[in-house]
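Observations on the three-dimensional arrangement
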Amino acid sequence: MSKKKHRDRPSPESLGLAPVGVDTHAHLDMRGFEPQELPDILARAHAAGVARIGNVFLGPQAYAQNAPLFAAYPEVFFILGMHPTECADYAETVTAAMESAFRASDRLRAVGEIGLDYYWKDVPPPDQRQAFRQQLEMARGLDAPVAIHSREAEKDTLDILSDMGFAGRPLVWHCFGGDAELARRILDMGFFISVPGPVTYAKNEALARAVAEIPLSRLLIETDSPFLTAEPWRGKRNEPCYLGFTAVRVAQILGLPPETVWRATADNAAAFFGLPPG
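Everything numeric here is computed off the predicted structure, so don't read it as measured data. Every residue gets a number counted from 1 within its own chain, in the order that chain's sequence is written. Residues qualify for local features only when their pLDDT is at least 70, as the model is predicted, and side-chain atom pairs are given and counted only at 80 or more; totals for whole chains, interfaces and linings, by contrast, use all residues. The basis for the side-chain values is all heavy atoms of the structure; hydrogens and waters are excluded.

**With respect to the overall build of the chain**
Counting from the N terminus, the helices are DSSP H or I runs at least four residues long and the strands are E runs at least two residues long. When helices and strands are tallied, the chain shows 9 helices and 8 strands. In summary, the chain has a C-alpha radius of gyration of 18 Å against a globular reference of 19 Å for 278 residues, a match within 12%. Projected onto the principal axes, the alpha-carbon positions of the chain cover approximately 60 × 45 × 40 Å. Counting across all 278 residues of the chain, residues that qualify as buried make up 54%. Taking the intrachain contacts of the chain between residues at least 6 apart in sequence as the baseline, contacts between residues at least 24 apart amount to 74%. If you sum the accessible surface of the chain, you get close to 12,700 Å²; carbon and sulfur atoms cover 52% of it. Every radius of gyration here is taken over C-alpha atoms, with the globule rule written as 2.2 Å times N^0.38, N being the number of residues. Working definition: with a 1.4 Å probe on protein chains only, accessible area under 20% of the residue-type maximum means buried, over 50% means exposed, and in between means partly exposed. Any pair of residues with heavy atoms lying within 4.5 Å of one another is described as a contacting pair. For the area figures, the Shrake-Rupley method with a 1.4 Å probe applies, and any residue is considered shielded solely by the protein chains shown.

**Details of the pattern of salt bridges**
Each salt bridge in this description consists of a side-chain nitrogen of Lys or Arg and a carboxyl oxygen of Asp or Glu lying within 4 Å of one another. A full pass over the atoms with the stated rule returns 11 salt bridges. Put simply, K155 and D159 hold a salt bridge, and the shortest N to O gap is 2.7 Å. With a gap of 4 residues between them, K155 and D159 both fall in helix 5 (residues 154-163), about one helical turn apart. E213 is the partner of R184 in a salt bridge, and the nearest nitrogen-oxygen pair spans 3.6 Å. Here E213 lies in the loop between helix 7 (205-211) and strand 8 (219-221) and R184 lies in helix 6 (residues 180-188), a separation of 29 residues in the sequence. Counted as one network, the salt bridges with shared partners bring together E37, R44, R237 and E239.

**Some points on the nonpolar core**
Ranked by internal contacts, the top residues of the largest apolar core, which has 70 residues, are L28, L136, L161 and F176. Take this core: its biggest share by element is 6 residues, from helix 4 (residues 125-142). Beyond its immediate stretch of four places on either side in the chain, L28 contacts F33, L38, I41, L42, I53, N55, F70, S225 and P240. What we call a nonpolar core is a set of buried Ala, Val, Leu, Ile, Met, Phe, Trp, Tyr and Cys residues that are connected through their side-chain atoms within 4.5 Å.

**Description of helix 8 (residues 243-254)**
Residues separated by three or four positions in an α-helix point in the same direction, a consequence of the helix having 3.6 residues per turn. Helix length check: helix 8, at 12 residues, gives a terminal C-alpha distance of 17 Å against a target of 16 Å (1.5 Å per residue), a fit within 8%. Among the residues of helix 8, L243, G244, F245, T246, A247, V250, A251 and I253 are the ones counted as buried. Looking at the packing, one finds that the buried side of helix 8 touches strand 1 (21-26), strand 2 (50-58), strand 7 (192-195), helix 7, strand 8 and helix 9 (258-273). Looking one or two residues past helix 8, G255 carries a phi angle of roughly 70 degrees, positive in sign. To estimate the expected span of a helix, count its residues, drop one, and scale the result by 1.5 Å.

**Some details on the pairing of strand 1**
Among the 6 residues that make up strand 1, 6 are buried, leaving the element largely enclosed by the rest of the structure. Here, a strand pair is defined by DSSP locating no fewer than two bridges between the strands. One ladder, built from 4 bridges, connects strand 1 with strand 2; its direction is parallel. Its bridge partner being in strand 2, G21 is matched across the sheet by V50. Clockwise travel from the first strand over the helix to the second, with the strands pointing away from the viewer, marks a crossover as right-handed. Once you follow strand 1 into helix 1 (residues 38-47) and on to strand 2, the crossover reads as right-handed.

**Comments concerning the sheet that holds strand 1**
Read across the sheet, 8 strands follow the order 1-2-3-4-5-6-7-8 without closing on themselves; strand pairing throughout is parallel. The open sheet has two free edges, formed respectively by strand 1 and strand 8, since each of these has just one partner strand. Neighbouring strand axes in the sheet, compared pairwise and without regard to direction, differ in orientation by 25 degrees on average. Pairing geometry for strand 5 (residues 146-151) and strand 6 (residues 171-173), over 3 bridges, is parallel. Convention adopted: a line fitted to C-alpha atoms gives each axis, helices being fitted over their contacting stretch, and angles between N-to-C directions are expressed from 0 to 180 degrees.

Take a look at the structure:
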């Protein structure tokens, strides 16, 4: 009996994208990655044209433990916040620890991912909303950009952002998976939208229609590694090296050359996060 042939998958390097891309949201310190893999993961990213990566630490403990892993990799910038599913009995000491970390390191470029998640039932919504508001106040005090996580809680998320006067402030809706109406509501508040790998999935027509509504000037792209791998590598662990496949699909939707989307989203990311040249 002959073995079933594996589907051919084009390599990320085959896309031929310039070495300027920015993966605005990844979790390279999360379970699923081993510290000794980091040099190879970053080498694969560089070979695929990804020049910078935003690593998201889920809370001050993860940051204190894992930030040293990236000491030799200045191309990785940091994002820090308490995910809503981790905000049960949220204490002010958590905010204080994060604020202290921000003031001590200029590699921390944004507060996130913070917000609301009503899909998982681990944390009561009132606890999530309290933690969300406290972290937004911290971001305001630090004058730092914000990366939002919102799942099945879009109305409450936008209501809180409006109530707290965040319209027009630097804020990105991470891992956008909504429809065109939600995209318009986010854009109307002056925010950015970050598009992940699922935009490449053939059945994700609603997301494709939403992406068509996003001006290139307000668009970012991300992998959310190790989750949500883009086609044609869906089913494999996600890594920053696969970011280009998302850019190619977004370019197709917008009717633009992939290189145009690749460079524009990189420029947007550099401006949004205040990244130093290089």
